[in-house]
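# Geometric and topological summary
Take a look at the letters that make up each chain.
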Amino acid sequence: MARKPPMVQRGYRSSKNVLFGIWACEPDVNSGEVQTYCSCGTLEPLARAGRIGILIPVMRDNQAGLGSGPIPASRAGIGLALGGGFARGFAHLGVLKVLEQNHIPITCIAGTSVGSILGAAYASGASLARIIATCRTLKFRDIGSWRVSRLGLASNQRLGDLIARVFDSKNFEDLPIPMAVVATDLNTGEPVVLTHGNLVDAIRASCAFPGLFEPVKIGTRCLADGGLVAPVPTRAARNLGAEFVLGVSVGIQDGDRGSPSNIFQVVTRAVSAAQKHQLEVWERHADLVLRPDVQSFAWDAFDRTDEAIEAGAEVTRRALPRIRKYLERAKAGRDGLETDLQNTLMAAEAVR
């Protein structure tokens, strides 16, 4: 059976935004019954009417107009944005490990390149122990095969076999944790955020590093590595609804100093140079950025998995106080909102 192609959001402009609506109660002057109103976009009319109101989030789609009603309140937790970086990306596992050990809830994950593989594996429900065990034995041949063509030196079709072996879910809709995978549209140069359909093609596209792997076609689009436009996909994580975005940057610099000695080093250094000028773009969508100390790792240092994991764990342990402080503030805010809601309902009942 043919796989259902992933559903994409072209660029970031078609993503969903949250506005606030006012649910208000007012006694009817004739019947005395309490009436309920919803106003979206402005507080002024209800304020002038003297009605009792509370703020709740309402989903609005930029293309489809206002949603049919309120969305569930956000769960307390953090949204992860996992960047690309080949074997350096194993540091993401150390981040996940410390967050899991300290019971920090993860509400959503966005991933670019290797960040999309590891993030989607975790979001699928696969145990972290299984993911780490797989990465410890991972070789290039597990994700790619050399096949020189006009579009690249290798194909990453073998990623499909890896996903089938490790992931507990194979489609976005089945993931226990909401996930976004970012790729680059080579026709327009725009980011493409994949959030529905099968994971295999989405992840292959996000990992199709130019010059090495052939681009991946999804529908009419020719897609390549998401790191070209979103080195760390913080904006995609924010658009998934994350109130607190934790970005993890591992970089793609090849780890060698001096002049490049092969075409792959030329390409990776050129992409890395371009990414340095995108820092302000993606960092402004993050509440906190972690940078594990893996800059000396070569792109294919698959034999240094445990070192990369420990580097990710170490930087996350140092960040725990800030993460916990956010969660405490978020809880206090929710408790305050619940108190306001209770007071509002009591006031509404009193005017019956």
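In this convention, every chain numbers its residues from 1, walking through the sequence in written order. In keeping with the model being predicted, local features are shown solely for residues with a pLDDT of at least 70 and side-chain atom pairs are shown and tallied solely at 80 or more, while totals for entire chains, interfaces and linings include all residues. In computing side-chain properties, one takes all heavy atoms of the structure into account and sets aside hydrogens as well as water.

### Looking at helix H2 (residues 91-101)
- Buried residues dominate H2, accounting for 8 of its 11 residues.
- Taken together, the buried positions of H2 are occupied by Ala91, His92, Leu93, Gly94, Val95, Leu96, Val98 and Leu99.
- Numbering of helices and strands runs from the N terminus, with a helix taken as a DSSP run of H or I at least four residues long and a strand as a DSSP run of E at least two residues long. The positive-phi residue at the C-terminal boundary of H2 is His103, with phi of around 60°. Each residue's exposure class comes from its accessible area (1.4 Å probe, protein chains only) as a fraction of the maximum for that residue type: buried when under 20%, exposed when over 50%, partly exposed otherwise.

### What about the environment of Gly251?
- Examined against the element boundaries, Gly251 turns out to sit in the loop between strand S14 (245-248) and helix H8 (263-276).
- When the C-alpha atoms of Gly251 and Gly83 are compared, they prove to be 7.6 Å apart, with 168 residues separating the residues in sequence.
- Sequence-distant contacts of Gly251, that is, excluding residues within four places in its chain, are made with Gly84, Gly85 and Arg88. Working rule for contacts: check all heavy atoms of both residues, and any pair within 4.5 Å makes them a contact.

### Quick notes on helix H5 (residues 159-166)
- If you check which residues of H5 are buried, you get Leu159, Gly160, Leu162, Ile163 and Val166. Seen end-on, H5 carries its buried residues on one side only, within an arc spanning 160°. Residues Asp161 and Arg165 are exposed on H5 and point more than 90 degrees away from its buried face.
- For H5, the secondary structure elements touched by its buried residues are helix H3 (114-123), helix H4 (128-136) and helix H6 (199-206). The arc under discussion is defined with respect to the helix axis, by the directions toward the C-beta atoms.

### Quick notes on the confidence of the model for the chain
- Think of pLDDT as the predictor's per-residue confidence, scored from 0 to 100. Chain-level pLDDT for the chain is 78 on average; 68% of the residues reach the 70-or-more range.
- Strand S5 (residues 65-70) is the least confidently modelled element of the chain, averaging 30 in pLDDT, while H2 averages 98, the highest of any element.
- Long-range and interchain partners of residues 7-73, a stretch whose pLDDT sits below 50, account for 135 contacts in this model, where long-range means more than four residues apart.

### Overview of the pattern of salt bridges
- For this document, the term salt bridge refers to a Lys or Arg side-chain nitrogen within 4 Å of an Asp or Glu carboxyl oxygen. Inspection of every chain in the model, using the stated rule, returns 9 salt bridges.
- Asp287 serves as the salt-bridge partner of Arg238, at 2.9 Å between the closest nitrogen and oxygen. Taken as a pair, Arg238 in helix H7 (residues 234-239) and Asp287 in the loop between helix H9 (279-283) and strand S15 (288-290) lie far apart in primary sequence, 49 residues in all.
- Note on Arg238: relative accessible area 27%, which makes it partly exposed.
- Note that Arg318 and Glu314 form a salt bridge whose closest N and O atoms lie 3.3 Å from each other. Separated by 4 residues within a single helix, Arg318 and Glu314 lie in helix H10 (residues 305-350), roughly one turn from each other.
- Assessed through its relative accessible area of 56%, Arg318 is described here as exposed.
- Owing to a relative accessible area of 42%, Glu314 belongs among the partly exposed residues under this scheme.

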